[in-house]
Amino acid sequence: MHTRQIILPPDAHILVVKLATIGDLLLATPSLRALRETYPHARIDLLVTPASAGLLDGWELIDHVIVLDKYLFDYPQQLLKNPRNLLRLRPLWHNLRDGDYDAVLLLHHLTLFFGRLKHQVLMRATGAKWRIGLDNGYGWFLNVRVKDNGFGAMHEADYNLAVAQAAGATTNDKRLTVPINEEERNQARQLIYETDLEGEYDLAGLAPARSYPTARIEQPLLKRPIIAMHPGSGGYSTARRWAPERFAQLADTLFHDAGGQLILMGGPEETELHQQIIELMQSEMPVRSFAGKGNIRVAAAVLKQADLFVGNDSGLMHLARAVATPTIAIFGLTNSDAWGPYTGGLPGQQAVVVKLDLPCMPCFYRGHDLGTPEGCITRDCLAMLGVDPVATAARRLLRESYKQPHHVAEEVTKGD
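Note that the structure is predicted; figures quoted are calculated from it, not measured. Each chain carries its own residue numbering, running from 1 in the direction its sequence is written. Totals for whole chains, interfaces and linings use all residues, but because this is a predicted model, local features are given only for residues with pLDDT of at least 70 and pairs of side-chain atoms are given and counted only at 80 or more. With hydrogens and water set aside, each side-chain value is computed from the structure's full complement of heavy atoms.

Caption draft 1: Structural context of the overall build of the protein chain. Labels follow the DSSP assignment, with helices taken as runs of H or I lasting at least four residues and strands as runs of E lasting at least two, numbered in each case from the N terminus. Helix and strand counts for the protein chain come out as 14 helices and 17 strands. Burial here depends on accessible area, computed with a 1.4 Å probe over protein chains only, as a share of the maximum for the residue type. Under 20% is buried, over 50% is exposed, and the range in between is partly exposed. For the protein chain, with 416 residues in total, the buried portion stands at 55%. The method behind every accessible area is Shrake-Rupley, applied with a 1.4 Å probe, and residues are considered shielded solely by the protein chains displayed. Element-wise, carbon and sulfur atoms account for 51% of the exposed surface of the protein chain, whose accessible area totals about 18800 Å².

Caption draft 2: The arrangement of the nonpolar core in detail. Nine residue types can take part in a nonpolar core, namely buried Ala, Val, Leu, Ile, Met, Phe, Trp, Tyr and Cys, and a core is a set of them joined through side-chain atoms within 4.5 Å. Of all hydrophobic cores here, the largest spans 112 residues; its most connected members are I14, I132 and M229. If you look at the next biggest cluster of nonpolar residues, it comprises 18 residues, including L15, V17, L19 and F141.

Caption draft 3: Seen up close, the side chain of H155. Residue position: H155 is located in the loop between β6 (144-147) and α6 (156-166). We define a polar contact as two N or O atoms separated by no more than 3.5 Å, with the added condition that, inside protein, one atom must be a possible hydrogen donor and the other a possible acceptor, whereas residues neighbouring each other in sequence contribute only through side-chain atom pairs. Separated by 3.1 Å, the side chain of H155 and the backbone nitrogen of A157 make a polar contact. In what follows, a contact means two residues having at least one pair of non-hydrogen atoms within 4.5 Å. Here H155 is in contact with L27, D337, A338, W339, G340, P341 and Y342, once residues within four sequence places are set aside.

Caption draft 4: Fine view of the packing of helix α10 (residues 296-305) against helix α11 (residues 315-322). Direction vectors running N to C along α10 and α11 enclose 55 degrees, while the axes themselves pass 9 Å from each other. Here α10 is positioned oblique relative to α11, judged by the angle of their axes. Taken as a pair, α10 and α11 cross one another with a handedness that is right-handed. Taken together, the residues of α11 that come into contact with α10 (itself represented by I296, A299, A300 and L303) are L316, L319 and A320. A fitted line through C-alpha atoms represents every axis, and for helices the fit uses only the stretch in contact; the resulting angles, taken between N-to-C directions, go from 0 to 180 degrees. Each angle gets one of four labels, with under 35 degrees taken as roughly parallel, over 145 as roughly antiparallel, 65 to 115 as roughly perpendicular, and the rest as oblique. Helix crossings get a hand from a simple test, with the near helix turned counterclockwise from the far one by less than a right angle marking a left-handed crossing and a clockwise turn marking a right-handed one.

Caption draft 5: The arrangement of helix α7 (residues 182-193) in detail. Taking 1.5 Å of rise per residue, the 12 residues of α7 would be expected to cover 16 Å, and the 16 Å separating its terminal C-alpha atoms lies within 8% of that figure. Among the residues of α7, those classed as buried are E184, A188 and I192. Buried residues in α7, looked at end-on, bunch into an arc of 75 degrees, giving them a common side. Along its buried surface, α7 packs onto β9 (226-230), β10 (261-264), β11 (287-289) and α10. Where α7 starts, the residue carrying a side-chain oxygen 3.2 Å from the main-chain nitrogen of E183 turns out to be N181. Under the convention used throughout, the expected extent of a helix is 1.5 Å for every residue step, that is, one less than its residue count. By construction, the arc corresponds to the directions joining the helix axis to the C-beta atoms.

Caption draft 6: Region of the structure containing the packing of helix α8 (residues 244-258) against helix α9 (residues 271-280). For the pair α8 and α9, interaxial distance at closest approach is 8 Å and the crossing angle is 50 degrees. Considering their axes alone, α8 and α9 lie oblique with respect to each other. You can see that α8 and α9 cross each other, and the crossing is right-handed. Residue-level contacts link P244, E245, F247 and A248 of α8 to L273, Q276, I277 and L280 of α9. Any residue that is not Ala, Val, Leu, Ile, Met, Phe, Trp, Tyr, Cys, Pro, Asp, Glu, Lys or Arg is counted as polar, Gly included; the first ten are nonpolar and the last four charged. Of the residues contributing to the contact of α8 with α9, the split by class is 6 nonpolar, 1 polar and 1 charged.

Caption draft 7: Expanded view of the packing of aromatic side chains. When two rings of Phe, Tyr or Trp (its six-membered ring) have centres within 6.5 Å they constitute a pair, described as stacked for plane angles under 30 degrees, edge-to-face for angles over 60, and tilted for the intermediate range. Under the definition given, this model contains 7 aromatic pairs. An aromatic cluster of at least three residues, connected via ring pairs, comprises F151, Y236, W339, F364 and Y365. Counted as over-ring charges are cases with an Arg CZ or a Lys NZ within 6 Å of the ring centre that also lie within 35 degrees of the ring normal. The ring of Y138 has R116 sitting right over it, with the charged end atom 3.7 Å from the ring centre.

Caption draft 8: The environment of L262, seen in detail. Within the element layout of this structure, L262 appears in strand β10. The exposure class of L262 is buried, given its relative accessible area of 0%. Between the C-alpha atoms of L262 and D252, which are 10 residues apart in sequence, the distance is 9.8 Å. Once you skip the residues sitting within four places of it in the chain, L262 turns out to touch I227, M229, A251, M281, M285, P286, V287 and R288.

Caption draft 9: Representation of the environment of V387 within the structure. Position of V387 among the secondary structure elements: in helix α14 (residues 387-403). You can call V387 buried: its relative accessible area is 11%. If near-sequence neighbours (up to four positions away) are discounted, V387 is found in contact with W242, R246, Q249, L250 and T253.

Caption draft 10: View of unusual backbone geometry. In this structure, P225 follows R224 across a cis peptide bond, with omega equal to 0 degrees. Structurally, P225 can be placed in the loop between β8 (215-216) and β9. Geometrically, the link from M361 to P362 is a cis peptide bond, its omega value of -15 degrees lying close to zero. Among the secondary structure elements, P362 is positioned in the loop between β14 (351-356) and β15 (364-366). Of note in the backbone geometry, D100 takes a positive phi value of approximately 50 degrees without being a glycine. By the secondary structure assignment, D100 is in the loop between α4 (89-98) and β4 (103-106).

Caption draft 11: Structural detail: the pairing of strand β2 (residues 43-48). Of all 6 residues in β2, 5 are buried, a share of seventy percent or more. Direction of pairing for strand β1 (residues 13-17) relative to β2: parallel, over a ladder of 5 bridges. Bridge pairing in β2 places L15 opposite D45. Think of it this way: DSSP has to see at least two bridges between two strands before they count as a pair.

Caption draft 12: Expanded view of the sheet that holds strand β3 (residues 64-67). Judged by pairing direction, the sheet is parallel, and its 6 strands sit side by side in the order β3-β2-β1-β4-β5-β6 without closing on themselves. Each edge of the sheet is formed by a strand with only one pairing partner; in this case those strands are β3 and β6. Taking each pair of neighbouring strands and ignoring which way they run, the sheet shows an average axis angle of 20 degrees.

Caption draft 13: Representation of the pairing of strand β12 (residues 308-312). Burial analysis of β12 places 5 of its 5 residues in the buried class, which makes it a mostly covered element. In this sheet, β12 lies alongside β9 in parallel orientation, the contact comprising 4 bridges. Residue H230 lies in a different strand from β12, and its bridge partner there is G311. Two strands pair when backbone bridges link them, and β12 and strand β13 (residues 327-330) are joined in this way by 4 bridges, in the parallel orientation.

Structure representation (structure tokens):
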């Protein structure tokens with residue numbers, strides 16, 4: 001037997017499962033808020049991966065965060081090669097049983113066979129009466145089911161909210177949320193405003209785009225607008241990246257139009273990519289690379305200070321939305337209807353998707369299938385996307401952010 005919606009006891013123990021990276025966890029924050037607003041006296045725990053474990057630390061809506069390194073169990077071959085990894089599940093098993101959960105909410109699509117098997121084992125391990133999640137035809141182990149109409153039929157944040165609603169939870173506040181403490185704000189200010197102790201700057205710190213000899217400056221550059229760009233992406237699909245030369249051309253164009261300075265965001269593995277863009281730039285736009293500087297919440301505090309964010313489909317794009325920075329998201333093979341910048345239909349949100357309109361798009365997460373994470377050989381969806389439509393959207397967001405804050409999210413699609 002299964003049902004479409006339940007109402008939990010006021011003091012229910014609820015476990016939310018979101019074994020994903022930072023961007024996907026951010027898209028779950030409106031559903032977590034819905035649960036807390038509806039069940040203020042409930043215990044709400046969150047099961048996450050090490051990659052996103054610290055993102056919501058200190059958020060008063062969550063009682064306890066449980067961590068599972070799911071990447072040790074992503075493929076059956078991993079268990080065959082390292083069966084001792086199963087011993088690592090013993091503490092998790094006890095945590096799940098000791099939680100005495102009334103309901104477990106699975107915020108995942110049931111796309112791959114081994115993933116479905118893992119999710120089923122996890123949900124049954126809790127012993128919870130109610131197992132709630134999306135059903136694409138493989139959700140037989142769920143007893144509260146939300147119809148899954150495929151990737152992009154709803155935004156991923158709205159799918160998460162639908163699962164929460166199946167547990168009787170609703171909210172009118174659909175903002176993405178990342179808690180930032182004062183120490184993280186201070187670290188962000190230091191990154192943005194401080195120079196090195198000698199008052200000098202180079203390509204690793206604060207530098208002109210071209211290769212100039214080390215020079216001395218009198219004070220930190222505080223020129224507006226501050227434009228943040230993320231030319232990278234998560235390692236799972238580097239095919240999502242717009243070409244570095246396009247980012248360099250975009251930076252030059254915006255400097256010519258609006259002046260300001262550029263901050264390149266990303267992890268330590270993207271340092272070389274940042275350096276490549278800096279060397280490709282032709283203007284004298286001041287540019288800094290923050291690759292690997294600070295944790296993800298410091299990055300959020302940096303993005304909050306920016307006047308504009310431009311980036312690929314990635315966690316940093318969702319982070320920019322969580323701090324309400326005007327956002328341009330460049331999409332190619334991935335599904336913008338599923339993972340575009342989320343505004344929740346709220347007024348005053350400045351977010352634009354820029355993409356081509358090719359019949360093959362999207363090829364990654366399409367319908368109920370995973371699709372092709374690396375796309376096709378030519379990747380026309382990104383290779384043919386020029387600088388002009390991105391620059392046009394950037395100019396408009398910069399102009400409107402200075403004139404008035406009330407702007408609705410939209411999509412810019414450029415035909416072939």
